[in-house]
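Listed below are the residues making up each chain.
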Amino acid sequence: MMDDKKTVRKKIQTTDQMNKIMADYFYGLNQAATTGSQKVAWCTSVGPVELLRAMGFVVYFPENHAAMLGATRTSNEVIPTATAIGYSPDICSYLTSDIGAYLKGITPLSKAYPGIKSVPKPDVLVYNTNQCRDVQDWFAWYSRTLGVPCIGVSSPKCISDVTAAHIDDVTRQIEALIPTLVSISEQKLDLARLREVVSLSRQCTDIWKEVLETATASPAPLTFFDSAIHMGPAVVLRGTREAVAYYRLLLSEMKERVGSGIAAVDGERLRLFWEGLPVWGRLRQHSEIFAGLKANIVASSYGSSWIFPALDPDDPIRSMAKAYLELFIVRADVYKEKHLQEMLEKFRVDGIVFHDSKTCPHNANTHYGLPQRLEMKTGIPALVISGDVTDMRCISDEQTKTNIEAFIEQLEEGK
Amino acid sequence: MSKRFFVGLDMGSSRTKVALLNADRQLVGHAVKKSGTNFAATAKACLDVALDMAGGTRKEIAGAVSTGYGRTNVSFITDRSKTEIGCLAKGCYHYFPQAITIIDIGGQDNKVINLDAAGRRGSFKMNRKCAAGTGAFLEEMAGRLDLQLEEMNALAQQSREMIKLGSFCTVFSATEVLESIRHGKKVSDIVKGIFYSVIRRVLEMDALTEQVTMTGGVVEHNPYLVEMAQEMIERPVLVPDFPQLAGAVGAALYAVEGEGDPPAEPGWGGAKLIWALQ
């Protein structure tokens, strides 16, 4: 049963600093692209960003832009434009949102950051298909449209154990990118600089991991919804000093919260785990539904997707290859089941919510019986909600709300 | 001693149902009306009919719980609510106190709910954002065939040669129905095929591990669906006396027990994704 105590909203104080470094980042990109002061590389979110930074590129991430289109609920204005030129509404709505927005000349960056008129024009497009094939098709469109080289890594996928053979393969592919990048950047690869960037990237992800793990405390000091936003610097600024400094601040605030027993969700009664991508256009709404029911989503596989313990400055390229292969999304269900089971235990979770993202089957682990197997193995109830990462046409809000409320009722009755 | 009544109000997408229980948990009044567009007026009308049936007045209402899609739109009677999943579970277990798998076919949703022998919910499933297999699907098909909904059950029973529909999708199914009409197929055979499609859709939602129970307005008005389900799963299916009222009865049982959740309070202090728009 719920009590009538009003849930208190708590802002993470470090957010202001995050906003500043994100603004600096976007203005920096804009400056580079409009003045030609630095070459601009577009990179997939788990692409070889360390290599790009080491070679002097400023790096832009279209997936981050697509998430913004989703969060600002702009996607459905622009997806039909991409559909009209042949990109199916059934494929990745990040891709269709981003391409549609480009075709319509729309970017949420303009509203957020006055003076920025468009996404930064790339000098090179660099992908890694460790997430899905869609990123390659996505970048290929820009390559054709803008006449910009598109290079990348075709990653092994659905792997149980990451073997030396897998790492050799990706290492060779990363090395093969270097000559093209050298010719575009007109800079040789400085190994010392690469080691430095890899080291910064590793520090960033190590601290980010610590931040997420503060949620093992009861009550948890942050929610999945906080992490979906505060992961921003880990996505777009990893490999920089700014990201490391930011996460030190955030970690300090989270530790203070834990020390003072401050809960992200006041009166936390249930602890949940989120599997899958966020529904960007409903982030606040979902956070409020769960918080209103005194349930905190304390952890997620998505938030952990920017943790790369394999990164090693002593062996930069090979360790990058290993890090990109160890990613949750690259792994087979055998690994995923085991990993999720460990996470459920570590965060002492009462229930798990799977988001079946309609246009992102690669990141929706609900299609091959995994929720059922996990529930059978752990006894922890699972809920699957149908939705999408950005395409709000795939969402029934009322059905989602009923599902969540019924799940919470079920968990409370079982306590 | 004055009478005490407990109200369960199930404000569904298609129909509003009210169940009135006495303190002994006996159903003493009930009503069903089309939900329409004025939820509060419909709920009040249902409540008055149910109270008339029970010979009671509003002053004798000792507790009320709402459920269904419009559960938060009836604050004139209660701000206590439970989800329809919880209420269906409660209502069905009241009639069949054993481990059961509930199949509820409603106007807009289908639900499969598993309860253990103690009535605890183990899991539940709702249909995805798709009308196939729901009452809305039958309404669409009835329209295509120029039939009233209440004619469909008798027609399905008359069929001797079912026309199976192959599609998942309501719109595509409608096209298939039109094709059958063009080919001069019997309406009764088409209707049986439509019923078969409904049952197939709900049976694939979950493994039916326990004693199957069927509820919902679609089941109440089309009992032939239960016969078809029994044939397909090769097991008997239990149906409560008023399958359409199962959720409302569950809500009323929660009212008897003094339960029901107050409205949730929003409460997340998170930042916006667009970092500059804080």
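Residues numbered from 1 in each chain as written. Chains lettered and ligands numbered in written order. Predicted model: local features only at pLDDT ≥ 70, side-chain atom pairs only at ≥ 80, totals over all residues.

Below, the discussion takes up the packing of helix 15 (residues 333-346) of chain A against helix 16 (residues 370-378) of chain A. All names here are of chain A. Viewed as axis vectors pointing N to C, helix 15 and helix 16 meet at an angle of 45 degrees, and their least axial separation amounts to 11 Å. The orientation of helix 15 relative to helix 16 falls into the category oblique. Crossing angle aside, the handedness with which helix 15 passes helix 16 is right-handed. Along the contact surface, helix 15 presents D333, K336, E337, L340, Q341 and L344, while helix 16 presents L370, R373, L374, K377 and T378. Across the contact of helix 15 with helix 16, the residue classes tally to four nonpolar, two polar and five charged. (Axes fitted to C-alpha atoms, helices over the stretch in contact; angles between N-to-C directions. Helix = DSSP H or I, 4+ residues; strand = E, 2+ residues; numbered from the N terminus. Parallel < 35°, antiparallel > 145°, perpendicular 65-115°, else oblique. Left-handed = near helix turned anticlockwise from the far one by under 90°. Contact = placed C-beta atoms within 7 Å. Nonpolar A, V, L, I, M, F, W, Y, C, P; charged D, E, K, R; others polar.)

For helix 12 (residues 241-260) of chain A, with 20 residues, the first-to-last C-alpha span of 29 Å sits near the 28 Å given by 1.5 Å per residue. Looking at the buried positions of helix 12 of chain A, the neighbouring elements they touch are helix 1 (15-35), helix 9 (191-213), helix 10 (224-230) and helix 11 (232-236) of chain A. (Expected span 1.5 Å × (residues − 1).)

V7(B), V18(B) and A252(B) are the most contacted members of the largest nonpolar core, which has 212 residues in total. If you tally residues by element for this core, the top one is helix 9 of chain A, at nine residues. Not counting residues up to four positions away in its chain, the partners in contact with V18(B) are V7(B), G8(B), L9(B), H30(B), A31(B), C46(B), L47(B), A50(B) and A248(B). (Core = buried A, V, L, I, M, F, W, Y, C linked by C-beta atoms within 7 Å. Buried ≥ 20, exposed ≤ 12 C-beta atoms within 10 Å, placed from the backbone.)

The pairing of strands in a sheet comes from backbone hydrogen bonds and takes either a parallel or an antiparallel form. Residues and elements named next belong to chain A. Strand order in the open sheet formed by four strands is 6-5-7-8, and the pairing between neighbours is parallel. Each end of this open sheet is capped by a strand with a single partner; those strands are strand 6 (295-300) and strand 8 (382-387). Taking each pair of neighbouring strands and ignoring which way they run, the sheet shows an average axis angle of 30 degrees. Bridge analysis of strand 5 (residues 270-275) against strand 7 (residues 351-357) gives four bridges, and the strand direction is parallel. (Pairing = 2+ DSSP bridges.)

Further remarks concern unusual backbone geometry. Cis geometry marks the peptide bond from S218(A) to P219(A); its omega dihedral reads -5 degrees. Relative to the helices and strands, P219(A) resides in the loop between helix 9 and helix 10. In this structure, K294(A) takes a positive phi of about 60 degrees despite not being glycine. Considering the arrangement of structural elements, one finds K294(A) in the loop between helix 13 (283-292) and strand 6. K294(A) gets classed as buried once you count the C-beta atoms within 10 Å, which come to 22. At E234(B), a position not held by glycine, the phi torsion is positive, near 55 degrees. Assignment of secondary structure puts E234(B) in the loop between helix 8 (224-233) and helix 9 (246-256).

Quick look at the confidence of the model for chain B now. All names here are of chain B. Per-residue confidence for chain B gives a mean pLDDT of 88, with 92% of residues at or over 70. Within chain B, the lowest mean pLDDT, 85, falls on helix 5 (residues 170-182), and the highest, 97, falls on strand 8 (residues 211-215). Predicted confidence for residues 265-278 stays below pLDDT 50, and this span has 58 contacts to residues more than four positions away or in other chains. In the predicted assembly, ipTM is 0.83 and pTM is 0.90. (pLDDT = per-residue confidence, 0-100.)

All names here are of chain B. Examined bridge by bridge, strand 6 (residues 110-115) and strand 7 (residues 121-126) share five bridges and lie antiparallel to one another. Counterpart to L115 in the pairing with strand 7 is R121. Adjacent in sequence and paired antiparallel, strand 6 and strand 7 are bridged by five residues, among which G119 carries a positive phi angle near 85 degrees.

Residue and element names in this part refer to chain B. With mixed pairing, four strands are arranged side by side in an open sheet as 3-2-1-4. A strand with exactly one partner marks an edge of an open sheet, and here the two such strands are strand 3 (27-34) and strand 4 (61-67). Averaged over all neighbouring strand pairs, the angle between strand axes comes to 15 degrees, with direction disregarded. In this sheet, strand 2 (residues 15-22) lies alongside strand 1 (residues 5-11) in antiparallel orientation, the contact comprising seven bridges. Bridge pairing links G8 to A19 in strand 2. The strands touched by helix 1 (residues 39-54) are strand 1, strand 2 and strand 3; relative to strand 3, the strand with the most contacts, the crossing angle is about 150 degrees. Sheet contacts for helix 9: strand 1, strand 2, strand 3 and strand 4; angle to strand 1, the most-contacted strand, approximately 140 degrees.

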